[in-house]
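The lines below spell out each chain.
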Amino acid sequence: MKETYKNRNVAVETMLVHAGNVRHNVDPTALAIYPSTSFVADSPEELDQIMGGTMDGFSYSRHGNPTVEGLTHAMAQLEGAETVIATSSGMAAIDAALFAAGLHAGDTILLSRDLYGASLNLAGKIWSQYGVKSVVADLTDLDQLHAILLKEQPKVLLFEILSNPLLKVADAPKIVQMAHEVGCQVIVDSTFTTPLMVKPLSFGVDLVVHSATKYLGGHGDAMGGIVAGHAHYEEALHQYLRLRGGILGPFEAWLIHRGIQTLSVRFERQCQNAWNVAQRLEATHDFRHVYHPFLESHPTFSTAKKLLPAELGGAVVTIELKGARKEAYDFLRSLQVVRSATTIGDVYTLCLYPVVASHRNQTEQERLAMGITEGTMRIAIGLEHPDDIFADIMQATHFAYSS
Ligand SMILES: Cc1ncc(COP(=O)(O)O)c(C=O)c1O
């Protein structure tokens, strides 16, 4: 059967694969989604230049995609970065940053003891296979950190400014200075702080990573990661994507880009809600501890006041129930507004039980050394009314204590 396609008579099979693939010269208000895996160049010479990196353009989506570039441009502006890549997850972003830092066999990575558990495991279980040693330090003890930096001469230091789940604030500018003095590159995982609370590149951090799955995307419907840094990391970061292939897909890039358009509105409200709820929880005296960086009872209160913007203390509140696993399970079972799930940054308030989730691979002794007990609950505050969040936490607490 013959059909007409572009004024030519072609077989129906030919028409079917080409028809409808129309190019429009339009300027849409929203970022466009390009699911295409490849892009047609205007000429072989142009393709040669695009592939050789001497001309801007797109050839194959593992090398670059216009929708993903919309997201990376936005993140470059937010972080004040010269180069940004988007990855398939936050873990891929951390891996890409470690790769870009040029780690080789015999090198050492220094990790914050309070780092996200999977990041500790990435260094200890994966990078160790390439002969890279990992050493852990408590970054709230700067004397200890200084001694370890001098002794180990690490190539990379990886830490989070706001620790999880106890929300300790690390004195990041001082730490960066100390690390640079021994020639150590610094990677900050800024997932919990977002570019609204801190811009690590502005005080000398070499690479910033995000799990974009969290506040950047913001709606719990897309996984992704971001690495942002100085221009001299550009080649290595792009090589990571081209050769290891952990790219972000265009649909996820579009969702995360849409998420960051409302980041300040969401995150500021979540921080306000968290501060409201934290103060009220502490005032009840119903908990062994309530952790929020701006509570005077928090061990790193003075660093938080010095480093963080006045209104943005983060959107997480951690409580320690007066009880152990039984009370913890009863608490989780009776939550009604707050949902029990292992993430942060969504519009809903989410509660995570570290002992069975984020810190299940640590021994009880290790957890206790960090200050995490069977009563510890991390609550990532959402966009519900703070009265409802507070009331739900209190009814679950009372149920747990009385059952
Ligand atoms: C601080 C932090 N960094 C990195 C990650 C990993 O991100 P992803 O789950 O997107 O791989 C997480 C995930 O919970 C996290 O909390």
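Residues numbered from 1 in each chain as written. Predicted model: local features only at pLDDT ≥ 70, side-chain atom pairs only at ≥ 80, totals over all residues. Heavy atoms only, no water.

- Identification of the chain as homocysteine desulfhydrase from Sulfoacidibacillus ferrooxidans is taken from an unreviewed UniProt entry.
- According to the UniProt record, the Cofactor (unreviewed entry) comment for the chain is "pyridoxal 5'-phosphate". (UniProt positions renumbered as here; feature names shortened; annotations may be inferred.)

Section: the overall build of the chain
Piece 1. Regarding its fold elements, the chain presents 15 helices and 14 strands.
Piece 2. Of all 403 residues assigned to the chain, the portion counted as buried reaches 52%.
Piece 3. Expressed as a percentage of contacts within the chain between residues at least 6 apart in sequence, the contacts between residues at least 24 apart total 72%.
Piece 4. When the accessible area of the chain is evaluated, it comes to approximately 18600 Å², of which 51% is carbon and sulfur surface. (Helix = DSSP H or I, 4+ residues; strand = E, 2+ residues; numbered from the N terminus. Buried < 20%, exposed > 50% of the residue type's maximum accessible area, 1.4 Å probe, protein only. Contact = heavy atoms within 4.5 Å. Areas by Shrake-Rupley, 256 points an atom, 1.4 Å probe, with all protein chains shown as cover.)

Some thoughts on the pairing of strand β7 (residues 185-189)
Successive residues of a regular strand alternate their side chains across the two faces of the sheet.
Piece 1. The buried fraction of β7 amounts to 5 of the 5 residues, a majority that puts the element mostly inside the structure.
Piece 2. Across the two faces of β7 the burial is the same, with Q185, I187 and D189 and V186 and V188 all buried.
Piece 3. Bridging between strand β6 (residues 156-159) and β7 involves 4 bridges; their strand directions are parallel. By the bridge assignment, V156 is partnered in β7 with Q185.
Piece 4. In terms of handedness, the path from β6 via helix α7 (residues 172-181) over to β7 forms a crossover that is right-handed.
Piece 5. Here 3 bridges tie β7 to strand β8 (residues 207-211), and the two strands are oriented parallel to one another. Along β8, the bridge assignment pairs I187 with L207. (Pairing = 2+ DSSP bridges. Right-handed = clockwise from strand over helix to strand, strands pointing away.)

Here's the deal with the environment of L255
Piece 1. Here L255 is to be found in helix α10 (residues 250-261).
Piece 2. A sequence separation of 33 residues divides L255 from R288, and the C-alpha atoms of the two residues are 39 Å apart.
Piece 3. With residues up to four places along the chain from it excluded, the contact list for L255 reads D221 and A222.

Observations regarding the environment of S163
Piece 1. By the secondary structure assignment, S163 is in the loop between β6 and α7.
Piece 2. Between the C-alpha atoms of S163 and S112, which are 51 residues apart in sequence, the distance is 9.0 Å.
Piece 3. Filtering out sequence-adjacent residues up to four positions away, S163 remains in contact with D114 and K168.

Structural notes on the pattern of salt bridges
Piece 1. With the rule as written, the count across this model stands at 14 salt bridges.
Piece 2. A salt bridge links K168 to D114; the shortest N-O distance between them is 3.1 Å. In this pair, K168 sits in the loop between β6 and α7 while D114 sits in the loop between β4 (108-112) and α5 (117-126), placing the two residues 54 residues apart along the sequence.
Piece 3. Owing to a relative accessible area of 13%, K168 belongs among the buried residues under this scheme.
Piece 4. By relative accessible area, D114 is classed as buried at 8%.
Piece 5. Put simply, D171 and K306 hold a salt bridge, and the shortest N to O gap is 2.8 Å. Of this pair, D171 sits in the loop between β6 and α7 while K306 sits in helix α12 (residues 301-307), and the two are 135 residues apart along the sequence.
Piece 6. Three or more residues joined by partner-sharing salt bridges are found here, namely K133, K151 and E152. (Salt bridge = Lys/Arg side-chain N within 4 Å of Asp/Glu carboxyl O.)

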